[in-house]
Amino acid sequence: MRNKLKADYALCGALGIISTIKAKLGSSNNLLKVERKAIKAPFFLRPKTSDIATFAQIFINKDYDFDTNKQPKVIIDAGANIGLAAIYFTNNYPNAKIIALEPEQSNFELLKKNVSPYSNVIPVHAALWHKNEEINLIDPSLGKWGFITEPKNTSIGSAGIVSHTVQAMTIDKIMQDFNLEKIDILKIDIEGAEKEVFSDSSSWIENVDSMIVELHDRMKAGCTRSFYNGSNGFVDEWQQGENVYLSRGNCLTK
């Protein structure tokens, strides 16, 4: 218990410890309220879930801390989870339009709550995919950050339990719906669906200046091969945390 409290303090400060104690004593539906000096508004985490590790990746390890040579105007956050990356982005780039896609229902509900103070962040209940269709969301019991998308005609139970169906969207569809000409930053953390997304990227890849992608070959074989086959033409590449960064040099800089 003492070590857990120390970890909570390192993540969230004294208010985090108080909220954690209340959450332990009360309902499992209680949320951990987090306030940080550099962040405009409080946001919320679910105790005893992968939310804590996600918070650490983004706000402690700073996996999305990068240099830019211009302010991004459009950011797509695919696999937005509960909105922590979107919150990090909007506090660094308050004038950017940020479209945050999240397929899992409970994650999406907390995403909406967390980004509600930011009018430039648009939550979308959808999965990034290579087709505009309804697909299955699979729970392989990896926690709130580990849901997998599969076609509806996939045998049930092939990778886990079908949690629910969800609408899938292509990059083309997102650009059309939100009247986008260019994407300055495309962040993708979609638990293996990058294999499908990059299987045919020819219609949209030239409209993307920079990408931040976490690859998941451990969850779906062939992700890395598909990603690199579908992402030619970028000038710079580097690794930061679990993410591969690609840039044409017009926004993100190495």
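Above this note sits the structure.
What counts, and at which threshold
Residues numbered from 1 in each chain as written. Predicted model: local features only at pLDDT ≥ 70, side-chain atom pairs only at ≥ 80, totals over all residues. Heavy atoms only, no water. Helix = DSSP H or I, 4+ residues; strand = E, 2+ residues; numbered from the N terminus. Core = buried A, V, L, I, M, F, W, Y, C linked by side-chain atoms within 4.5 Å. Buried < 20%, exposed > 50% of the residue type's maximum accessible area, 1.4 Å probe, protein only. Contact = heavy atoms within 4.5 Å. Axes fitted to C-alpha atoms, helices over the stretch in contact; angles between N-to-C directions. Parallel < 35°, antiparallel > 145°, perpendicular 65-115°, else oblique. Left-handed = near helix turned anticlockwise from the far one by under 90°. Nonpolar A, V, L, I, M, F, W, Y, C, P; charged D, E, K, R; others polar. Pairing = 2+ DSSP bridges. Polar contact = N/O pair within 3.5 Å; in protein donor to acceptor, adjacent residues only side chain to side chain.

J.: Mind laying out unusual backbone geometry, listing which residues take part and the relevant values?
T.: At Lys48, a position not held by glycine, the phi torsion is positive, near 60 degrees. When you line up the elements, Lys48 lands in the loop between strand 2 (43–45) and helix 2 (51–60). Phi at Asn179 is positive, roughly 55 degrees, even though this residue is not glycine. Summarising the element assignment, Asn179 is placed in the loop between helix 5 (171–177) and strand 11 (183–188).

J.: Pulling in residues and values, what's your account of the nonpolar core?
T.: In this structure, Phe43, Leu45, Phe59, Tyr64, Phe66 and Leu84 are the most contacted members of the largest nonpolar core, which totals 38 residues. When contributions to this core are tallied by element, the ones reaching two or more residues are strand 1 (32–34), strand 2, helix 2, helix 3 (84–92), strand 5 (97–101) and helix 4 (105–115).

J.: Hey, could you go over the environment of Ile135 for me, with residue numbers and the actual values?
T.: Secondary-structure assignment places Ile135 in strand 8 (residues 134–139). With 30 residues separating them along the chain, Ile135 and Thr165 place their C-alpha atoms 5.5 Å apart. Excluding residues within four positions of it along the chain, Ile135 makes contact with Ala127, Trp129, Thr149, Glu150, Pro151, Lys152, His164, Thr165, Val166 and Ala168.

J.: I'd like a rundown of the packing of helix 2 against helix 3, residues and numbers included.
T.: At their nearest, the axes of helix 2 and helix 3 sit 9 Å apart, and the two run at 25 degrees to each other. Between helix 2 and helix 3, the angle is such that the two are roughly parallel. Handedness of the helix 2/helix 3 crossing: right-handed. Contacts between helix 2 and helix 3 involve Asp51, Thr54, Phe55, Ile58 and Phe59 from the former and Leu84, Ala85, Ile87 and Tyr88 from the latter. When grouped by side-chain class, the residues that make up the contact of helix 2 with helix 3 number 7 nonpolar, 1 polar and 1 charged.

J.: I'd like to hear about the sheet that holds strand 5, residue by residue, with values.
T.: In a beta sheet, neighbouring strands pair by backbone hydrogen bonds and run either parallel or antiparallel. A sheet is described by the order of its strands in space; here 7 strands give the open sequence 6-5-4-11-12-14-13, paired in mixed fashion. Because the sheet does not close on itself, it has two edges, and the strands there are strand 6 (121–124) and strand 13 (236–240). Shown here is a sheet whose adjacent strand axes are inclined to one another by a mean of 15 degrees, direction ignored. As paired strands, strand 13 and strand 14 (residues 243–247) are joined by 5 bridges and run antiparallel to one another. In the sheet register, Gln239 faces strand 14, and the bridge partner there is Val244. Across the sheet, helix 3 touches strand 4 (74–78), strand 5, strand 6 and strand 11, and the angle it forms with strand 5 is around 175 degrees. Helix 4 contacts strand 5 and strand 6 of the sheet and is inclined by roughly 170 degrees relative to strand 6.

J.: Provide a residue-level description of the environment of Lys40, including the pertinent values.
T.: By secondary structure assignment, the location of Lys40 is in the loop between strand 1 and strand 2. Considering only alpha carbons, one finds Lys40 and Ile87, 47 residues apart in sequence, at a separation of 8.9 Å. Residues in contact with Lys40, not counting those within four places in the same chain, are Asn91, Pro117 and Tyr118. Within the local environment of Lys40, its side chain forms a polar contact with the backbone oxygen of Pro117, the two atoms lying 3.3 Å apart.

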